[in-house]
Every structure is written in structure tokens, then in C-alpha cells.
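# Structural features, examined
Each chain, letter by letter, is given below.
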Amino acid sequence: MNNVEKPVTEARKEFADLVNRVAYTGERVALTRRGKIMAALVSAEDLELLESLRAGRYDLTQTGPAAPPDRPQPAPLRIAAEYRPPGPPRPPGFGR
């Protein structure tokens, strides 16, 4: 899995593409400003793991395979278009 560093100004122009890369490949994108990492784009799976670690649901002092805590799995993420309210039909070629 690749980890990429992108300046914030460049990432702003490529945001939709970066989100898709993170969501579908698990790639991590570190966002930088003047060479310093300021934030990161991570997959929903990585975010869940980070939140579990922060909440203390995993014991990192034990050896062997880690067992996830007993709780329901999160629902799959839905694409933003599914949340868009219905509107009038778009003219041909609009938004392409």
C-alpha cells in the first residue's frame, strides 16, 4: 500500500480523485504545508482502527493476532450522490 504526501494546494485541486484513491485502494495521503504534515486522508477502515485504539478497545501489549471487539460492523459508506436531493434534470453535457 502506498503512502503519498501532497501539498494542501495541490490536494485541493485533486480532492475528488484523492478521496476515491483512499476509499477504494486504502492508500493514505499526508497533506503538507511547507513540507510539514498537517493532516491526512485515510480510509474509513483505518479511521475505525484509529478510533478503536484511541478508545482503548485494543490491547497493544499482547502478542498474537488481535481480535476486534464484539460490536456490530459499521455500515458501508455511501457515495455523496445518494444523499443529493432530487432536482430538475440537467441539460446534456452539464457537469462533464
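Heads up: the structure comes first, above all this text.
Residues numbered from 1 in each chain as written. Predicted model: local features only at pLDDT ≥ 70, side-chain atom pairs only at ≥ 80, totals over all residues. Heavy atoms only, no water.

### Notes on a nonpolar patch on the surface
Together, V42, L47, L49, L50 and L53 line one region of the surface with nonpolar side chains, adding up to about 380 Å² of accessible area. One can find L49 in helix 3 (residues 44-54). (Patch = residues over 30% accessible without salt bridge, like charges linked within 9 Å, V, L, I, M, F, W, Y side chains within 5 Å. Areas by Shrake-Rupley, 256 points an atom, 1.4 Å probe, with all protein chains shown as cover. Salt bridge = Lys/Arg side-chain N within 4 Å of Asp/Glu carboxyl O. Helix = DSSP H or I, 4+ residues; strand = E, 2+ residues; numbered from the N terminus.)

### Considerations on unusual backbone geometry
The phi angle at R34 is positive, at roughly 55 degrees, despite the residue not being glycine. As for its placement among the helices and strands, R34 is situated in the loop between strand 2 (28-33) and strand 3 (36-41). Overall, the relative accessible area of 82% leaves R34 in the exposed class. (Buried < 20%, exposed > 50% of the residue type's maximum accessible area, 1.4 Å probe, protein only.)

### Side note on the nonpolar core
In this structure, A11, L18, V22, V29, L31 and L41 together form the largest nonpolar core, which totals 6 residues. Elements with a contribution of two residues or more to this core: helix 2 (15-25) and strand 2. Excluding residues that lie within four positions of it along the chain, V29 makes contacts with V4, K6, L18, V22, A39, A40 and L41. (Core = buried A, V, L, I, M, F, W, Y, C linked by side-chain atoms within 4.5 Å. Contact = heavy atoms within 4.5 Å.)

### Structural notes on the sheet that holds strand 2
Across the sheet, which stays open at both edges, the 3 strands sit in the order 1-2-3 with mixed pairing between neighbours. In the strand order of this sheet, the two ends are held by strand 1 (3-7) and strand 3, each with one partner. Within the sheet, the average angular offset between the axes of one strand and its neighbour, ignoring direction, is 30 degrees. Looking at chain direction, strand 1 and strand 2 are connected through 5 bridges and run parallel. In the strand pairing of strand 2, N3 is matched with R28. (Pairing = 2+ DSSP bridges. Axes fitted to C-alpha atoms, helices over the stretch in contact; angles between N-to-C directions.)

### Observations regarding a positive patch on the surface
On the surface, R12, K13, R33 and R34 cluster together to form a positively charged patch. Relative accessible area serves as the criterion here: at 59%, R12 is assigned to the exposed category. (Lys, Arg positive; Asp, Glu negative; His and termini not counted. Charge placed at Lys NZ, Arg CZ, Asp CG, Glu CD.)

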